[in-house]
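Here is what each chain is made of, one letter per residue.
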Amino acid sequence: MAKIPSLLVVFQRKNKHLPKPIPIIHVARLSKHYQVPVREAGLRQAARALIQRQHRTVKAVDEISFFIHPGEVVGFLGPNGAGKTTTLKMLSGLLHPTSGQVRVLGYEPHRRQRAFLEQITLVMGNRNQLAWDLPALDSFELQRAIYGIPEHEYRQRRDEFIALLDLQDLVHKPVRNLSLGERMKMEIVGALLHRPQVLFLDEPTIGLDVTMQRRIRTFISEYNRRYGASVMLTSHYMADVEALCKRVIVIHHGRILYDGDLSGLVERFSAYKTINLTLKNGPVSLEQYGEVVSQEGSNASLRVPKSETSRITSRLLTEQAVADLTVVDPPIEDVIETVFNQQAEAA
Amino acid sequence: MKRYLDFYLTNMKTAVLVEFQYRWANYFYMIGMIAEPVIYLVVWSTVAEAQGGQVGGYTAGSFAAYYIVWTLVRNMNIVFTPYGWEERIQRGRLSMELLRPIHPLHNDVAFFAGWKLVVIVLWLPLAAFLAWIFKPTLQPSLLEVGVFFIAIWGAYLIRTMALSLLGMITFWTTRVSAIFEMYFAAELVLSGRLVPMSLMPEWVQRLAGFLPFQWTFGYPIESLIGALTPGELIGGLGMQALWIGIGILLVNVVWRFGIRRFSAVGN
């Protein structure tokens, strides 16, 4: 792997007056490329491919850099195929990077040293590691043996997590008899029994109902608060991101588009704001002020260009009998969608 | 070391719990498996009787002993298959095992070792039934029983290493079933599974001497049925230890290069 200047070193050189940050995850120009065989459809092309194989390089992750500090909860956002899971797999040691540097807890993940693996976990929403035919308690016991957790600590943590997720009545049932959400909660307990310092969560709430999603979010948040663990989370549910992450990293086509506060994402990528207003005199025509998103009785919702918001708000207050008016940012889903659409058009 | 012991015992206990969930399926599987040795046994007993009572030193009674012990050794030889490796690599199931601070091979060895405990318990009535039907000649000494007990676990480990090595080929190429089948064909002829090695042509026996197969089948069986001298018994354990050592070495080397190619697709 080529030696390249560390992003952290560059940051520290530029900000000598600041106390040196000690990131728990440090990624610099990290790439993962795959060689994929390609050929046209048809018998002739298949025969030709026997002699002359052609390959295409797919840049799943392309020179991304970021760092994450202890205790941070970071949302890792992107559409399907953006490179999120590939990145998490490199950070957890499942994949060898093609190039670049990555350090998690001071370790190179792909070396998969025991001390490293004992301090991380990767939870994938559609993958399970519990024994299907046995009650989850038996699988927890195996986790205890794998991680060498002392018996009393194991019992204490297990019971603590079971109580937090309200699983008391379920741990004695075979895993195959549990619902998807119940299984996911069990998976999370199993994945955290060794009390990891770094959590990689890949779609942990996928396919779950709203109540179950909220329960898992609360648990992750509580775990982060109690143990100061760092969390990197991918999710297509913006409610997960909004509830857990102050900071988001947006990735698309293997490259980072944005790294910063969630609120900053809206600020930077949203070209519009929404004005919700209630009129005293019932419905009136509002097209002159902006795009009318909805209008029911005296309640209306307008979408206006961000730069015009102040001027239009003043006009509304002056020209109309307004009982109530609020200006809100668009939903984060819409902002993210805008970001991806802009990039797709640019590509 | 204590930690590994704890892991092995806990994993074996888990395997026992899982396999007891499927005790009837396991039993029917074992019953199905005895068809193969019973066919060999009937054929060779008939040949022995036609040739005046014995073939190559084997009587009908010693053939019965050979093939009844065969049924246990065959069950002890069941390990995580190359097809299992193929599936876990191609579908990315290996990912979850790689996240654990313990080599996946330990998990395979421990889990299947636990399964063996269930197998041995289920095998006992089956063996008694076969003995009642075929009247084996079997009077092992204490040394033979002791060596046999170690040898069946040695056979298990050699075969685990060999089939893991085969399975790891999937790191490089996607369809490897043909290579597996070649291996199984060679094993059938060169291990003592088809027929006791002493009945094979001399050149086949010489060839088998350079390969691990006979230490996984013929040797454990012969160690119990009284076909080996004390020197051959102990020497056989040494050969098993050697092949286990070679297996561990090769598995480590192949793993080291192969794992770099793991793409963790499908998770």
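Values in this document were obtained by computation on a predicted structure and should not be read as measured data. Per chain, residues are indexed from 1 in the order of the written sequence. Chains and ligands are labelled by the order in which they are written, letters from A for the one and numbers from 1 for the other. Two thresholds apply to this predicted model, a pLDDT of at least 70 for residue-level local features and 80 or more for giving and counting side-chain atom pairs, whereas whole-chain, interface and lining totals are computed over all residues. Hydrogens and waters are ignored; side-chain quantities use all the structure's heavy atoms.

> Which residues make up the interface of chain A and chain B, and what values go with them?
We call two residues in contact when some of their heavy atoms are within 4.5 Å. In this complex, chain A contributes 28 residues to the contact, which on the side of chain B involves 29 residues. When two parts are brought into contact, each loses some accessible area as probed by a 1.4 Å sphere; the total of that loss over both is the buried area. Of the roughly 2,900 Å² buried at the junction of chain A and chain B (both faces included), carbon and sulfur atoms supply 55%. A carboxyl oxygen of Asp or Glu within 4 Å of a side-chain nitrogen of Lys or Arg is what we treat as a salt bridge. Between the two partners, chain A and chain B, sit two salt bridges. Think of a polar contact as two N or O atoms within 3.5 Å of one another; within protein, one of them needs to be a possible hydrogen donor and the other a possible acceptor, and neighboring residues in sequence only count if both atoms come from side chains. The interface formed by chain A and chain B holds seven residue pairs in polar contact (both at pLDDT 80 or more) in total.

> Pulling in residues and values, what's your account of the domain arrangement of chain A?
Either an automatic procedure or a domain database provided the assignment from which the domain bounds are taken. Per the domain assignment, the segments making up chain A are domain 1 (7-266) and domain 2 (271-328). Centre-to-centre, using C-alpha coordinates, domain 1 of chain A lies 42 Å away from domain 2 of chain A.

> Give me the packing of aromatic side chains: which residues, what numbers.
Residue and element names in this part refer to chain B. The criterion for an aromatic pair is that two Phe, Tyr or Trp rings (for Trp, the six-membered ring) have centres within 6.5 Å, with stacked assigned to planes under 30 degrees apart, edge-to-face to planes over 60 apart and tilted to the rest. Taken as a whole and judged by the stated rule, the model has 29 aromatic pairs over all chains. On the basis of an interplanar angle of 75 degrees and a centroid distance of 6.2 Å, the ring pair of Phe80 and Phe112 is categorised as edge-to-face. With a gap of 32 residues between them, Phe80 in the loop between helix H4 (60-76) and helix H5 (82-90) and Phe112 in helix H7 (residues 104-134) connect regions that are remote in the sequence. Each ring, one from Phe171 and one from Trp172, has its centre 6.3 Å from the other, and the planes form 85 degrees; the classification is edge-to-face. The helix count covers DSSP runs of H or I at least four residues long, the strand count covers runs of E at least two residues long, and both are numbered beginning at the N terminus.

> Residue-level account of the packing of helix H3 (residues 35-50) of chain B against H4 of chain B, with values.
Residues and elements named next belong to chain B. All axes here are fitted lines through C-alpha atoms, helices being fitted over the stretch that makes contact, and every angle between N-to-C directions spans 0 to 180 degrees. Axis separation between H3 and H4 bottoms out at 9 Å; the angle between their running directions is 170 degrees. Between H3 and H4, the angle is such that the two are roughly antiparallel. Between H3 and H4, the residues in contact are Glu36, Pro37, Tyr40, Leu41, Trp44, Ser45, Ala48 and Glu49 and Ala60, Phe63, Ala64, Tyr67, Trp70 and Thr71, respectively. What sets the label is the angle itself: under 35 degrees gives roughly parallel, over 145 gives roughly antiparallel, 65 to 115 gives roughly perpendicular, and the rest give oblique.

> Tell me about the sheet that holds strand E7 (residues 230-234) of chain A, and please be specific about residues and values.
Residues and elements named next belong to chain A. With respect to topology, six strands assemble into an open sheet ordered E5-E6-E7-E3-E8-E9, the strand pairing being mixed. In this open sheet, the two strands that pair with only one neighbour each are strand E5 (120-124) and strand E9 (255-261). Taking the axes of each pair of neighbouring strands and ignoring which way they run, one obtains an average angle of 15 degrees across the sheet. The strands touched by helix H3 (residues 84-91) within the sheet are strand E3 (73-77), E5, strand E6 (198-202), E7 and strand E8 (247-252), with E6 carrying the most contacts at an inclination of about 150 degrees. A pair of strands is treated as paired once DSSP finds two or more bridges between them.

> Residues and numbers for the nonpolar core, please.
By nonpolar core is meant a set of buried Ala, Val, Leu, Ile, Met, Phe, Trp, Tyr and Cys residues that side-chain atoms within 4.5 Å join together. Burial here depends on accessible area, computed with a 1.4 Å probe over protein chains only, as a share of the maximum for the residue type. Under 20% is buried, over 50% is exposed, and the range in between is partly exposed. In terms of nonpolar packing, the biggest core is built from 99 residues, with Ile25, Phe66, Leu91, Val104, Phe200 and Met232 of chain A touching the most fellow members. No other element matches H7 of chain B, which puts twelve residues into this core. Residues in contact with Val104 of chain A, not counting those within four places in the same chain, are Ile24, Ile25, Leu91, Pro109, Phe116, Ile120, Val198 and Phe200 of chain A.

> Can you lay out unusual backbone geometry for me, pointing to particular residues and giving the numbers?
Residue and element names in this part refer to chain A. Its identity as a non-glycine residue notwithstanding, Asp166 has a phi of 55 degrees, on the positive side. Position of Asp166 among the secondary structure elements: in the loop between helix H6 (151-164) and helix H7 (180-192). Positive phi is not limited to glycine here, since His253 has a value of about 50 degrees. Looking at the element boundaries, His253 is found in the loop between E8 and E9.

> So what's going on with the sheet that holds strand E11 (residues 291-296) of chain A? Residues and values would help.
All names here are of chain A. The strand order across the open sheet built from four strands is E11-E12-E10-E13, with neighbouring strands paired in antiparallel fashion. At either margin of the open sheet sits one strand with a lone partner, and together these are E11 and strand E13 (322-328). Neighbour to neighbour, the strand axes of the sheet diverge by 15 degrees on average, direction disregarded. Strand contacts of helix H11 (residues 309-319): strand E10 (272-279), strand E12 (299-305) and E13, with the helix running at about 170 degrees to E13, the strand carrying the most contacts.

> How would you sum up the pairing of strand E1 (residues 25-38) of chain A? Please name residues and give values.
Residue and element names in this part refer to chain A. Of the pairings in the sheet, the one linking E1 to strand E2 (residues 54-68) comprises eleven bridges and is antiparallel in character. Among the inter-strand pairings, Val36 is bridged to a residue of E2, identified as Arg56. Note: E1 against strand E4 (residues 99-104), five bridges, orientation antiparallel. Bridge assignment links Ala28 to a residue of E4, and that residue is Gln101.

> Any details on the pattern of salt bridges? Residues and values, ideally.
Residue and element names in this part refer to chain A. This model, assessed by the stated rule, comprises 28 salt bridges over all chains. The salt bridge involving Arg226 is made with Glu222; its shortest N-O contact spans 2.8 Å. Of this pair, Arg226 and Glu222 both sit in helix H8 (residues 210-227), four residues apart, which is roughly one turn of that helix.

> Summarise the side chain of Glu222 of chain B; cite the residues concerned and give the values.
Residue and element names in this part refer to chain B. Relative to the elements of secondary structure, Glu222 occurs in helix H11 (residues 218-225). His is not counted, nor are the chain ends, whereas Lys and Arg count as positive and Asp and Glu as negative. Buried charge without a salt bridge: Glu222, with Arg193 as the nearest opposite-charge side chain at an N-O distance of 14 Å. Not counting chain neighbours up to four residues away, the residues in contact with Glu222 comprise Tyr58, Tyr66, Met197, Ala227 and Leu228.

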